[in-house]
Amino acid sequence: MEIWRHDDIEKDFKKLSRFSAPQESLEAWERLLLLKGIHETPAIDQIPGFGENKIYKGRVVPLKENVGKSKGYRVIFQIAGEYYKILVFSRHGIYKTEQELRAIIRMRLKEL
């Protein structure tokens, strides 16, 4: 498997610029996912409601911060063939509602 990032992930990093190490945290999580796979990587759940698309939510522990997964980052990704496609990288509170996040996921899926 390989990891591919949506072009708008850079915009997500800009929204997270007030936090210590968002990019390093995502890179560490990506290495863990590639090493262990989707079934052995902790804190990954499938998100229902996207039809045939297999969309997953993972929790990422923030590096250089003294908080756990629950207060950390969220990564939304799709499994498509031999790729994990990272669609959204966020943190609790960046998006106001779950519906807003779902709308962003749908929009980014259309852009693929």
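Model, not experiment: these values are computed from the prediction.

## A closer look at the overall build of the protein chain
- Along the backbone of the protein chain there are three helices and five strands.
- Along the protein chain, from the amino end to the carboxyl end, the secondary structure elements read β-α-α-β-β-β-β-α.
- Taking 13 Å as the expected radius of gyration for a compact globule of 112 residues, we find that the protein chain reaches 13 Å, a close match to that expectation.
- Along the three orthogonal principal directions, the C-alpha set of the protein chain runs to about 40 × 30 × 20 Å.
- The 112 residues of the protein chain split such that 40% are buried.
- Considering only contacts within the protein chain whose residues lie at least 6 apart along the sequence, 55% involve residues at least 24 apart.
- Summed over all atoms, the accessible surface of the protein chain reaches about 6,700 Å², with 48% contributed by carbon and sulfur.

## Quick look at unusual backbone geometry
- Within the chain, Ala-43 stands out as a residue other than glycine whose phi angle is a positive 65 degrees.
- You can see Ala-43 is positioned in the loop between α2 (22-36) and β2 (44-46).
- We note that Lys-64 has phi near 65 degrees; this positive angle belongs to a residue other than glycine.
- Within the element layout of this structure, Lys-64 appears in the loop between β3 (55-60) and β4 (73-80).

## Section: the packing of aromatic side chains
- Tallied over the entire structure, the rule returns six aromatic pairs.
- Taking the centre distance of 6.0 Å and the plane angle of 80 degrees together, the rings of Phe-77 and Tyr-84 count as edge-to-face. For the pair Phe-77 and Tyr-84, one class covers both residues: buried.
- Put simply, the rings of Phe-13, Phe-19, Tyr-73 and Phe-89 touch in pairs and so form one group of aromatic residues.
- The ring of Phe-19 has Arg-91 lying over it, and the distance from NZ or CZ to the ring centre is 4.1 Å.

## Remarks on the environment of Gly-37
- Secondary-structure assignment places Gly-37 in the loop between α2 and β2.
- Considering only alpha carbons, one finds Gly-37 and Met-1, 36 residues apart in sequence, at a separation of 8.6 Å.
- Excluding residues within four positions of it along the chain, Gly-37 makes contact with Leu-32 and Tyr-84.

## Concerning a nonpolar patch on the surface
- Together, Trp-4, Tyr-83 and Leu-112 give the surface a local cluster of nonpolar side chains, amounting to about 270 Å² of exposed area.
- Positionally, Trp-4 belongs in strand β1 (residues 2-5).

## With respect to the side chain of Arg-108
- Tracing the backbone through its elements, the reader meets Arg-108 in helix α3 (residues 98-110).
- A distance of 2.6 Å separates the side chain of Arg-108 from the backbone oxygen of Leu-87, its partner in a polar contact.
- Apart from residues lying up to four places away in sequence, Arg-108 is in contact with His-6, Asp-8, Ile-9, Asp-12, Leu-87 and Val-88.

Conventions and cut-offs
Residues numbered from 1 in each chain as written. Predicted model: local features only at pLDDT ≥ 70, side-chain atom pairs only at ≥ 80, totals over all residues. Heavy atoms only, no water. Helix = DSSP H or I, 4+ residues; strand = E, 2+ residues; numbered from the N terminus. Rg over C-alpha atoms; globule rule 2.2 N^0.38 Å. Buried < 20%, exposed > 50% of the residue type's maximum accessible area, 1.4 Å probe, protein only. Contact = heavy atoms within 4.5 Å. Areas by Shrake-Rupley, 256 points an atom, 1.4 Å probe, with all protein chains shown as cover. Phe/Tyr/Trp six-rings, centres within 6.5 Å; stacked < 30°, edge-to-face > 60°. Lys NZ or Arg CZ within 6 Å of the ring centre and 35° of its normal. Patch = residues over 30% accessible without salt bridge, like charges linked within 9 Å, V, L, I, M, F, W, Y side chains within 5 Å. Salt bridge = Lys/Arg side-chain N within 4 Å of Asp/Glu carboxyl O. Polar contact = N/O pair within 3.5 Å; in protein donor to acceptor, adjacent residues only side chain to side chain.

By themselves, these observations are geometric and do not establish any function.
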